Amino acid sequence: MNAATEIGAEEVEMFRDMLGRFIDAEIAPHYEQWERDEIAPRELWNKLGAGGFLCADIPEAYGGPGGNFALSSVINEEFSRRGYVSVGGGMAVHSDIVAHYVLNNGSEEQKQHYLPKMVAGECVGAIAMTEPGAGSDLQGVRTNAKRDRSRDGGDDWVINGSKTFITNGQHCDVVITVARTDPDAPGSRGLSLFLVDTNLPGFSRGRNLEKLGMHAADTSELFYEDVRVPAGALLGELNRGFVALMTELPRERLSLAIGAVAVMQGALQWTVDYVKERQAFGAPLSKLQNTRFKLAEMQTEYRLNRAFINECIDSFNRGELDAATASMAKFSSTEAQCRVVDGCLQMFGGYGYMLEYPIARAYADSRIQRIYGGTSEIMRELIARSLLDQ
Ligand SMILES: Cc1cc2nc3c(=O)[nH]c(=O)nc-3n(C[C@H](O)[C@H](O)[C@H](O)COP(=O)(O)OP(=O)(O)OC[C@H]3O[C@@H](n4cnc5c(N)ncnc54)[C@H](O)[C@@H]3O)c2cc1C
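Residues numbered from 1 in each chain as written. Predicted model: local features only at pLDDT ≥ 70, side-chain atom pairs only at ≥ 80, totals over all residues. Heavy atoms only, no water.

Asks: I tried to follow empty space enclosed by the protein on my own but got confused; where do I start?
Replies: Empty space left among the atoms is revealed by rolling a probe the size of a water molecule over them. This model, assessed by the stated rule, comprises two cavities of 30 Å³ or more. There is about 100 Å³ of room inside the largest cavity. As for the largest cavity, its lining consists of 13 residues, of which Ala40, Trp45, Ser86, Val87 and Asp218 are closest to the centre. Of all elements in the fold, only α3 (43-51) and α5 (85-105) reach the threshold of two or more residues within the lining of the largest cavity. If you tally residues by element for the lining of the largest cavity, the top one is α5, at four residues. Along the lines of polarity and charge, the residues of the lining of the largest cavity split into eight nonpolar, four polar and one charged. (1 Å grid on protein atoms, 1.4 Å probe; cavity = no way out; pocket = protein on both sides within 12 Å on 5 of 7 lines; lining within 4 Å. Points joined across faces, edges and corners; volume = space filled by probe spheres on them. Helix = DSSP H or I, 4+ residues; strand = E, 2+ residues; numbered from the N terminus. Nonpolar A, V, L, I, M, F, W, Y, C, P; charged D, E, K, R; others polar.)

Asks: Quick question: what am I supposed to make of the side chain of Ser376 here?
Replies: As for its position among the elements, Ser376 is in helix α11 (residues 376-388). Judged by its relative accessible area of 2%, Ser376 is buried. Leaving out residues up to four positions away in the same chain, Ser376 has contacts with Phe331, Thr334, Glu335 and Arg370. (Buried < 20%, exposed > 50% of the residue type's maximum accessible area, 1.4 Å probe, protein only. Contact = heavy atoms within 4.5 Å.)

Asks: Could you clarify how one ought to interpret the nonpolar core in this entry?
Replies: A general tendency of soluble globular proteins is for nonpolar side chains to be buried together. Counting residues in hydrophobic clusters, the biggest one holds 53 residues, and the most contacted among them are Ile27, Phe79, Val87, Met91, Tyr101 and Ile176. Among the elements that make up this core, the one with the highest residue count is α5 (nine residues). Contact partners of Phe79, with chain neighbours within four places excluded, come to Leu19, Ile23, Ile27, Leu48, Tyr84, Val85, Val87, Gly88 and Met91. With 33 residues, the next largest nonpolar core counts Met214, Leu268, Tyr274 and Val341 among its residues. (Core = buried A, V, L, I, M, F, W, Y, C linked by side-chain atoms within 4.5 Å.)

Asks: It is not clear to me how the confidence of the model for the chain should be interpreted in this structure. Could you clarify?
Replies: For residues with low pLDDT, the predicted coordinates do not support detailed interpretation. Here the chain shows a mean pLDDT of 95. Residues at 70 or above account for 98%. Confidence drops under pLDDT 50 across residues 1-5; counting only partners more than four residues distant or on other chains, this segment forms 14 contacts. (pLDDT = per-residue confidence, 0-100.)

Asks: How do you make sense of unusual backbone geometry when you look at a structure like this?
Replies: A positive phi angle, near 60°, is found at Glu38, a position not held by glycine. In this fold, Glu38 is placed in the loop between α2 (31-37) and α3. Of note, the phi angle at Asn168 is positive, near 70°, even though the residue is not glycine. Mapped onto the fold, Asn168 is located in the loop between β3 (156-167) and β4 (174-180). Residue class for Asn168 comes out buried when judged on its relative accessible area of 2%.

Asks: Which parts of the structure should I look at to understand the environment of Ala128?
Replies: Counting through the fold element by element, Ala128 comes out in strand β1 (residues 125-128). Ala128 gets classed as buried once you look at its relative accessible area, which sits at 0%. Here the alpha-carbon distance between Ala128 and Ala179, two residues 51 residues apart in the chain, equals 9.3 Å. Those residues in contact with Ala128 that sit more than four places away from it in its chain are Lys163, Ile166, Val175, Ile176, Thr177, Val178, Leu222 and Tyr224.

Asks: Sorry if this is basic, but what is going on with the packing of aromatic side chains here?
Replies: Aromatic ring pairs are reported here in terms of the distance separating the ring centres and the angle at which the planes meet. Applying the stated criterion across every chain yields a total of nine aromatic pairs. A centroid spacing of 4.8 Å and a plane angle of 65° characterise the contact between Tyr31 and Tyr84, whose relative ring orientation is edge-to-face. Taken together, the residues Tyr31 in helix α2 and Tyr84 in the loop between α4 (69-81) and α5 connect sequence positions 53 residues apart. For Tyr31, a relative accessible area of 1% corresponds to the buried category. The exposure class assigned to Tyr84 is buried, which follows from its relative accessible area of 13%. Measuring from ring centre to ring centre gives 6.1 Å for Phe348 and Tyr357, while their planes differ by 70°; the resulting arrangement is edge-to-face. A relative accessible area of 25% places Tyr357 in the partly exposed class. Put simply, the rings of Tyr274, Phe348, Tyr351 and Tyr357 pair up and form one aromatic cluster. (Phe/Tyr/Trp six-rings, centres within 6.5 Å; stacked < 30°, edge-to-face > 60°.)

Asks: Sorry, what's going on with α5 here?
Replies: One turn of the α-helix equals 3.6 residues, which is why residues spaced by three or four share an orientation. Look at α5: 28 Å from first C-alpha to last across 21 residues, which is about the 30 Å you get at 1.5 Å a residue. Largest kink in α5: about 30°, centred on Ala92. Burial analysis of α5 places 18 of its 21 residues in the buried class, which makes it a mostly covered element. (Expected span 1.5 Å × (residues − 1). Bend = angle between axes of the 7 residues up to and from the residue.)

Asks: It is not clear to me how the pattern of salt bridges should be interpreted in this structure. Could you clarify?
Replies: Any two side chains of opposite charge can pair, given that their charged atoms come close. Scanning all chains against the criterion turns up 20 salt bridges. The residue Arg251 makes a salt bridge to Asp96 at a minimum N-O spacing of 3.1 Å. Of the two residues, Arg251 sits in helix α7 (residues 241-277) while Asp96 sits in helix α5, which places them 155 residues apart along the sequence. The exposure class assigned to Arg251 is buried, which follows from its relative accessible area of 7%. When the shortest N-O distance is used, the salt bridge between Arg318 and Glu320 registers 3.0 Å. Residue classification places Glu320 among the partly exposed residues on the basis of a relative accessible area of 48%. (Salt bridge = Lys/Arg side-chain N within 4 Å of Asp/Glu carboxyl O.)

See the structure below:
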């Protein structure tokens, strides 16, 4: 990856090796059980922190390893390429999204309080935008925060509402919560972000939701019933939450795109290995023209997306990745991921439908990529808007 050269390609590859050994020892032997349990154990977060695999590009001043986006991408890539996205997805929300919201929008006190604990895996982060009635359209957010000065000298906020589909919902210790702070402001104005500690009275978690794929990822409803937070829990500027969300989205979408190309790479490798072994009509599947042509098409689709995502990573590292291009990256790569994984599964025949084969899990896991982080339809809309200027 181009971005790796920034901190030295050799250093990045050493980090990749170290991570690979961690995955072989701590993830691979347990992953199927976690998928059956529909959750990974909480202690995994502490192990990931101790290994140096959380918040890779958080500065040393806040307890982080002080790496850059290349290191963060290596983590994303390795979990995706090897088929452990249920764990990698939660890590990306924690490290690539939540920690950067705090870093880029937080007060010095908030950064000192949360970031070192997030790096260590002592504090697991989540972000809660989506509600039962508001996903693509955040204008529909009904969770609200009201000032309460009734206590002596108090300037607390009291939060009420509910969220759904929240990644890390069962394990999280802090949730960046999108809430309406100005009921009179139109649409998405009047929204603010709050750092809500999950041990506060009035906060509760719903059940761990059953999903089509990503089984080991905990995804939950969250409930806020008169949750009282201090003024210092406001993250960023009052009523400017939507602007903060829009500013952070290119990084989130680029991360999803990096994961998408890594999943394609992994799926193609499993398939190449399989078709060389599997026999039909007296020869390996790899000798059939259909297998060869289909693999050639899928490899080309993977490489095209890889090249575009590398270009986006370079733009991001220069601070120049705009929202429309990030949307193209997410749209193109996640749609391609689903096509490629489907094409690969086909070559496994019936075995491809068996969950013990990683390609079957990848098929189920991939489907969400076209929905979360902004659906493919919303990506098309954003791209068209930038093109047509309307
Ligand atoms: C496993 C999982 C993990 C998730 N993790 C998180 C998380 O950590 N935090 C969080 O806040 N959310 C999370 N989400 C929620 C996710 O981001 C939303 O599901 C997604 O944004 C879509 O919102 P929705 O489900 O309300 O669908 P809707 O917005 O109701 O959309 C339904 C359909 O209508 C289409 N549509 C909507 N508007 C338009 C339009 N203007 N033009 C064309 N088509 C349109 C959509 O593309 C979609 O096809 C997660 C979801 C899942 C399933």
